[in-house]
Each structure stands twice: as structure tokens, then as C-alpha cells.
Amino acid sequence: MNQVYLTGITTTGTPHLGNYAGAIRPAIEASHKSGTEHFYFLADLHALIKGISPEEVRQSRMEIAAAWLALGLDTDRAVFYCQSDIPEIPALAWLLSCQASKGLLNRAHAYKAVVQENEESNAKDPDKGITLGLFSYPVLMAADILMFKAHKVPVGKDQVQHIEMARDMAQRFNHHYGEHFVLPEAQVDASTALLSGLDGRKMSKSYNNTIPLFAPEKKFRKLIMKIKTNSLEPGEPKDTAGNTLFEIYSSFATPEQIEAVSARYAEGIGWGDMKQHLFEHLNEILAEPRDKYNELMSQPKLIGEVLEQGATRARALSQPFMAELYDAVGIKPMWQ
Ligand code: TRP
């Protein structure tokens, strides 16, 4: 049986280096392997959880779609679609809601983090500001994954818990209604799973510390120059461990290049020189995709058509599968 790979990116903000190293690149690489099938999508329903403006949702959908295409996703090989174009996904999310234990969802990191913030700020209600959408985020994500019977889900480390929850919901459903779902596994690429951002914390839209993949060259250089370093002077030997510049470089370099740069750290390369080196290295990798990206961004109709074709292929699977699942729970034509 073919191995099915599936991953999505939430459409908030601009695609950044972390999206590329953590999701897009491993997903595209996997798509070249034989004996595999691929489902890659824009998680635009998940974007609504964050309470961002319609304009931002619209813009981010375009930018993230254009990034996948500019970075070389082969849409003949991979099914590439918008989550919101597949109405069976929210329908499945409901069936899974009826299996997911609330206690399990109480333990989701994203939910717990907000509760903790509320408790620390002595809010009267620990659930202050928390929507049902945020709370049930892992259920919608489980529906994304289980709908297409994914075996492997390439994600960053922070998402592993969600995949485990999806397994749990799938197991419960299978136990009650028979073997319908495949149990998915997270695929975390250890070297790139957690890229640090401008301030040294994990590169994340929530921390506002991301480096956009396709910022114009000048702006891109400026951002790289802003990455936080320590106060060691040129000539002083430097540690590569835990160094953001080195970490980002390593995520985009060959073992030989990494070794050469490690040697320069030991020799005491100045931070300014290292930043310039990192900029030139990334710029070389990104220059061509950047041109493609800009071209695509001026053709929203083309992007829309590609996604529509993807949705048609996805629905050819999701429609009959949803009918099978409804049937399994007892929702079927009256005469049957
Ligand atoms: N939650 C993921 C993120 O924020 C995005 C996502 C939504 C996803 N549905 C998914 C990832 C299904 C993998 C599989 O990064």
C-alpha cells in the first residue's frame, strides 16, 4: 500500500523560513519518493481561530499558496487544496467531536497555555477569551488528517501532541464503529523541527519574530542583520550550540558547509561577518523562488485554478468516505 503524506499550514501571516524548513521542504522532498501519495493544504478554517481580519485571511491564503508553488510543489503529484473547499472536513470534525474526550482536549498545549496566562494574570475565569474553536482545534486537525487516511504527517515538534490526539480519536471511532481510520504518525525532522526566530525564541507567528521567505532582498538582509546575538567580539571563539545564526544556517546547508562554518566559529568569526554569510547563503537559495513567487502573486486566478483542481481531486475521496462514515454511525438513506 502507498504511504500517504499529509500536512497543512495555517493561513495566518506571511510564509517564513520556519514554514519552509519545518513543513514545505520536507513535504516536497517526500513527494519525490516512489510509493507515496501526498495531500498538502491551506488550513484556512484553522486561521479563523486566531481572530484575524478577513483581509489578512485572504492575503495569507494567497501568499502561502504562492509559496508552496514557487518552492517547487508538483501539483500533479501532490493533491494541493484549501481546507475550506472540502465541506466533508468540518462534517468529520463533528463525528470526531462526539468521540474526543473533553479531558483529553483539556491537555492540549495551545489551550493550556492560554489558561495558564489567565491564571497568572489572576483573571476571574481561567477560560477568559477562549473560544470553542480554539479548544476544539485538535479535533478539526484530526479531521484534516483522518479524512485522507494519512500515514505520515510532517510537522514541527509543537504539533506532535495534536497528531497523538488524532490517533486517539481514530482509535475510539474504530473501536465503536469498525476499522475506518488509518492511525497517523507525526514525522518530525530533528534538524529543522524548531527553527529559532529573530529574538532567539522559536520562529512563530505568535511571537512576531519570523523571517519572511520572500521579503525583498534589501529587507531580507536587514532582518538577518537584526537576529539577536551575544556580545562576543570578532576574534573570540564562539559556540555553535544554541546560536540562532548557526541554527538557521545549518537548516539550509550541506554537512560540508556546516563543518566549514563550525570551524569559523572556533576561529572567532565576527557576528557581522556571519550575518552577511548567512544572508548571502539564503539569498542564493531563495532568489529564484522569490521571482517565481512574485510572478504568482500577480496571478491570483492561476493560483485559484490550481487549488480548485486540487479540491476536485480531494473531494473525489472525501465525499464517498464521508458517506461511508455516516453510514457507519447509522446515518444513511431511510430505506436501507
Ligand atoms: N496546526 C498546524 C499548525 O499550526 C496546521 C495544521 C492544520 C495541520 N491541520 C493540519 C498540520 C493537519 C498537519 C496536519 O502548524
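Just so you know, these numbers come straight off a predicted model, no measurement behind them.

Re the layout of surface pockets
Point 1. Of the pockets and cavities examined, the second largest pocket occupies roughly 290 Å³.
Point 2. The wall of the second largest pocket is formed by 15 residues, among which Ser-97, Leu-132, Gly-133, Ser-136 and Val-139 lie closest to the centre.
Point 3. Taken together, the residues of the lining of the second largest pocket sort by class into 12 nonpolar, 3 polar and no charged.

Some points on empty space enclosed by the protein
Point 1. Here the structure, examined in full by the defined rule, presents 1 cavity of 30 Å³ or more.
Point 2. In this model, the largest cavity occupies a volume close to 30 Å³.
Point 3. Taken together, Ala-108, Ala-110, Tyr-111, Leu-134, Phe-135, Tyr-137, Pro-138 and His-162 make up the lining of the largest cavity.
Point 4. Considered class by class, the residues forming the lining of the largest cavity number 7 nonpolar, 1 polar and no charged.

A closer look at the nonpolar core
Point 1. If you look at the biggest cluster of nonpolar residues, it comprises 56 residues, and the most contacted ones within it are Leu-17, Tyr-40, Trp-68, Phe-80 and Ile-248.
Point 2. In contact with Tyr-40, other than residues within four places in its own chain, are Tyr-5, Leu-6, Thr-7, Ala-27, Ala-30, Ser-31, Trp-68, Leu-73, Ala-78, Val-79, Phe-80 and Tyr-81.

Some words on the packing of helix α3 (residues 54-70) against helix α13 (residues 271-297)
The geometry of a pair of packed helices is captured by two quantities: the angle between their axes and the separation between those axes.
Point 1. Contact geometry for α3 and α13: axes closest at 9 Å, N-to-C directions at 135 degrees. Comparing the axis directions of α3 and α13 gives the class oblique. The way α3 lies across α13 gives a crossing that is right-handed. For the pair α3 and α13, contact is made by Gln-59, Met-62, Glu-63, Ala-66, Ala-67, Leu-69 and Ala-70 and by Pro-289, Lys-292, Tyr-293, Leu-296 and Met-297, respectively.
Point 2. Tallied by class, residues from the contact of α3 with α13 come to 9 nonpolar, 1 polar and 2 charged.

Topic: the domain arrangement of the protein
Point 1. Its domain assignment divides the protein into domain 1 (3-100 + 136-193 + 300-329) and domain 2 (214-295).
Point 2. Here the C-alpha centre of domain 2 lies 31 Å away from the C-alpha centre of domain 1.
Point 3. At the junction of the two partners, domain 1 supplies 12 residues and domain 2 supplies 9 residues.
Point 4. For the pairing of domain 1 and domain 2, the buried interface totals around 910 Å² over both sides, and the portion due to carbon and sulfur atoms is 74%.
Point 5. Linking domain 1 with domain 2 are 0 salt bridges.
Point 6. Counting across the domain 1 and domain 2 interface gives 1 residue pair in polar contact (both at pLDDT 80 or more).
Point 7. Mapped onto the side of domain 1 that touches domain 2, the elements with two or more residues apiece are α1 (17-30) and α3.
Point 8. Taken together, the residues of the side of domain 1 that touches domain 2 sort by class into 8 nonpolar, 2 polar and 2 charged.

Conventions used here
Residues numbered from 1 in each chain as written. Predicted model: local features only at pLDDT ≥ 70, side-chain atom pairs only at ≥ 80, totals over all residues. Heavy atoms only, no water. 1 Å grid on protein atoms, 1.4 Å probe; cavity = no way out; pocket = protein on both sides within 12 Å on 5 of 7 lines; lining within 4 Å. Points joined across faces, edges and corners; volume = space filled by probe spheres on them. Nonpolar A, V, L, I, M, F, W, Y, C, P; charged D, E, K, R; others polar. Core = buried A, V, L, I, M, F, W, Y, C linked by side-chain atoms within 4.5 Å. Buried < 20%, exposed > 50% of the residue type's maximum accessible area, 1.4 Å probe, protein only. Contact = heavy atoms within 4.5 Å. Axes fitted to C-alpha atoms, helices over the stretch in contact; angles between N-to-C directions. Helix = DSSP H or I, 4+ residues; strand = E, 2+ residues; numbered from the N terminus. Parallel < 35°, antiparallel > 145°, perpendicular 65-115°, else oblique. Left-handed = near helix turned anticlockwise from the far one by under 90°. Domains from an automatic or database assignment. Buried area = accessible area lost by both parts, 1.4 Å probe. Salt bridge = Lys/Arg side-chain N within 4 Å of Asp/Glu carboxyl O. Polar contact = N/O pair within 3.5 Å; in protein donor to acceptor, adjacent residues only side chain to side chain.

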